[in-house]
Amino acid sequence: MVYSTLRISAAHAFASSNNRIQKSIRYRSIKHRTTLKSLFSQSSIESILQPTVCEEWFDIQLPEGRCVGVAMKESDPNEEIIITPACISDPTHWAHSIYHPDELSYGIDLHSSRRSSFWLGRMALRLALDFPDCPILKDSHGRPQLSSGCFGSISHKDNLGIALISDLPSTAGVGVDLEFATRPGKRSIAKRVLTDNEKDSLGKIPGITKMEEVMLRFSLKEAIYKAAHPLLCQYVAFKEAEVTPHADGTASCKWFLQSGAHKSIEKMTAHWRRLEDKDLFLTSARVEGSLDEECEHIFDSHTTN
């Protein structure tokens, strides 16, 4: 693999540096936040190498929090982020400036089909958190392990990785998802993921076809389920909730859980937007509520301090 300087744009301002995120992590102003480019330029290892295949895709403020995306460069559509044991043993490899040693150990042990998406997702999350000194691993539910008061979610699609982080007061969980708006040559997933009411209400968003709206609702359910999981603490089937996207970029959700776990959700926001440059839907969600004792124990037991 060939290496050269990685060009990254200035990070988007998100919150005051006084907001505590987790141990050794604080949001910084746009003038002081570390970008990938500045991270490499400040490295104590002068000869450190930098990948040509990755670049920052976007860094935006959503109503639910700060969202960062990274991508494999379009000039290298078949490339992957390849980090081998030999790379880890090389102190000049760029991976040491991005990932924590524990993340490198974890990622290298993953199946080859999952490694590249893990590297992309963690790169986006560490960029969003200003490259913390501590590792960001997964709990038993696959959620990013962050300290109390900070919430994060990751999604990836092909050669793209995104991360959403939030420390907004009263937050119980956040979720983010990325889905292609169209699936040429593939059968519709409407029968599998939408209720009869949802299928009957398709086609009311200007500029979005019914087939595209199926993918939008699917993506919204993914984001909402991720955000609500710390409160629901159970598996939720696609037809156990109805999601309605609105033309103004918001979305609402109606739950049908027999357990009644959704009653613990006191407030929920969900938003969507179409990323025209790659024909994708970006969806995000945030929930507020109180954990019951059982869920709180499970949530705390999988959270690092």
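Note that this is a predicted model, so its numbers are computed, not measured.

Quick word on the overall build of the protein chain
Thinking step 1. Scanning the protein chain from terminus to terminus reveals nine helices and eleven strands.
Thinking step 2. Sorting the 305 residues of the protein chain into buried and exposed places 53% on the buried side.
Thinking step 3. Considering only residue pairs separated by 6 or more positions, the protein chain has 61% of its internal contacts joining residues 24 or more positions apart.
Thinking step 4. Summed over all atoms, the accessible surface of the protein chain reaches about 14,600 Å², with 49% contributed by carbon and sulfur.

Examining the nonpolar core
Thinking step 1. Among the nonpolar cores identified, the biggest contains 35 residues, and Leu232 and Trp255 are the most heavily contacted of them.
Thinking step 2. By residue number, the principal contributor to this core is helix H8 (residues 210-232), which donates twelve residues.
Thinking step 3. Aside from chain neighbours lying at most four places away, what touches Trp255 is Ile224, Tyr225, Ala228, Leu232, Val236, Glu240, Ala241, His262 and Ile265.

As for the confidence of the model for the protein chain
Thinking step 1. When pLDDT is averaged along the protein chain, the result is 80, and 75% of the positions lie at 70 or above.
Thinking step 2. Note on residues 43-49: pLDDT is under 50 here. Beyond four places in sequence and across chains, it has 15 contacts.

Thoughts on the sheet that holds strand S6 (residues 160-166)
Thinking step 1. An order of S3-S4-S6-S5 is seen for the four strands of this open sheet, with the pairing classed as antiparallel. For this open sheet the edge positions go to strand S3 (54-62) and strand S5 (151-157), each flanked by a neighbour on one side alone. Looking at each pair of strands side by side, their axes are set apart by 15° on average, direction ignored.
Thinking step 2. Strands S3, strand S4 (65-72), S5 and S6 of the sheet are contacted by helix H5 (residues 112-128), whose axis makes an angle of about 140° with S4.

A word on the sheet that holds strand S7 (residues 171-180)
Thinking step 1. In space, the three strands of this open sheet follow the order S7-S11-S10, with antiparallel pairing throughout. Edge positions in the open sheet fall to S7 and strand S10 (265-275), since each of these has one partner strand only. Here the strands of the sheet are splayed against their neighbours by 10° on average, with no regard to which way each runs.
Thinking step 2. Relative to strand S11 (residues 280-289), S10 runs antiparallel, the two sharing ten bridges. Of the residues in S11, the one forming a bridge with His271 is Ser284.
Thinking step 3. Across the sheet, H8 lies against S7, S10 and S11, angled at about 155° from S7, the strand it touches most.

A look at the environment of Gly249
Thinking step 1. Topologically, Gly249 is positioned in the loop between strand S8 (241-245) and strand S9 (251-255).
Thinking step 2. Classification of Gly249 as buried rests on a relative accessible area of 9%.
Thinking step 3. As for Gly249 and His271, which are separated by 22 residues in sequence, their C-alpha atoms are 5.5 Å apart.
Thinking step 4. When residues no more than four places from it in sequence are discounted, the contact partners of Gly249 are Ala270, His271 and Trp272.

Describing unusual backbone geometry
Thinking step 1. Phi angles above zero are rare outside glycine, and Asp130 is one such case at about 65°.
Thinking step 2. Structurally, the position occupied by Asp130 is in the loop between H5 and S5.
Thinking step 3. At Asp279, a position not held by glycine, the phi torsion is positive, near 55°.
Thinking step 4. Tracing the chain through its elements places Asp279 in the loop between S10 and S11.
Thinking step 5. Since its relative accessible area comes to 25%, Asp279 is described here as partly exposed.

Let's talk about the packing of aromatic side chains
Thinking step 1. Under the defined criterion, the tally for this structure stands at nine aromatic pairs.
Thinking step 2. In textbook terms, an aromatic cluster arises when at least three aromatic residues are bridged by ring pairs, as seen for Trp94, Tyr99, Tyr106, Phe118 and Trp119.

Describing the pairing of S7
Taken residue by residue, a regular strand's side chains alternate between the two faces of the sheet.
Thinking step 1. Judged by how many residues are buried, S7 sits mostly within the fold: nine of ten residues are covered.
Thinking step 2. Sheet topology places S7 next to S11; nine bridges connect them, and they run antiparallel. Counted as the bridge partner of Val174 is Arg286 from S11.

Reading guide: rules and limits
- Residues numbered from 1 in each chain as written.
- Predicted model: local features only at pLDDT ≥ 70, side-chain atom pairs only at ≥ 80, totals over all residues.
- Heavy atoms only, no water.
- Helix = DSSP H or I, 4+ residues; strand = E, 2+ residues; numbered from the N terminus.
- Buried < 20%, exposed > 50% of the residue type's maximum accessible area, 1.4 Å probe, protein only.
- Contact = heavy atoms within 4.5 Å.
- Areas by Shrake-Rupley, 256 points an atom, 1.4 Å probe, with all protein chains shown as cover.
- Core = buried A, V, L, I, M, F, W, Y, C linked by side-chain atoms within 4.5 Å.
- pLDDT = per-residue confidence, 0-100.
- Pairing = 2+ DSSP bridges.
- Axes fitted to C-alpha atoms, helices over the stretch in contact; angles between N-to-C directions.
- Phe/Tyr/Trp six-rings, centres within 6.5 Å; stacked < 30°, edge-to-face > 60°.

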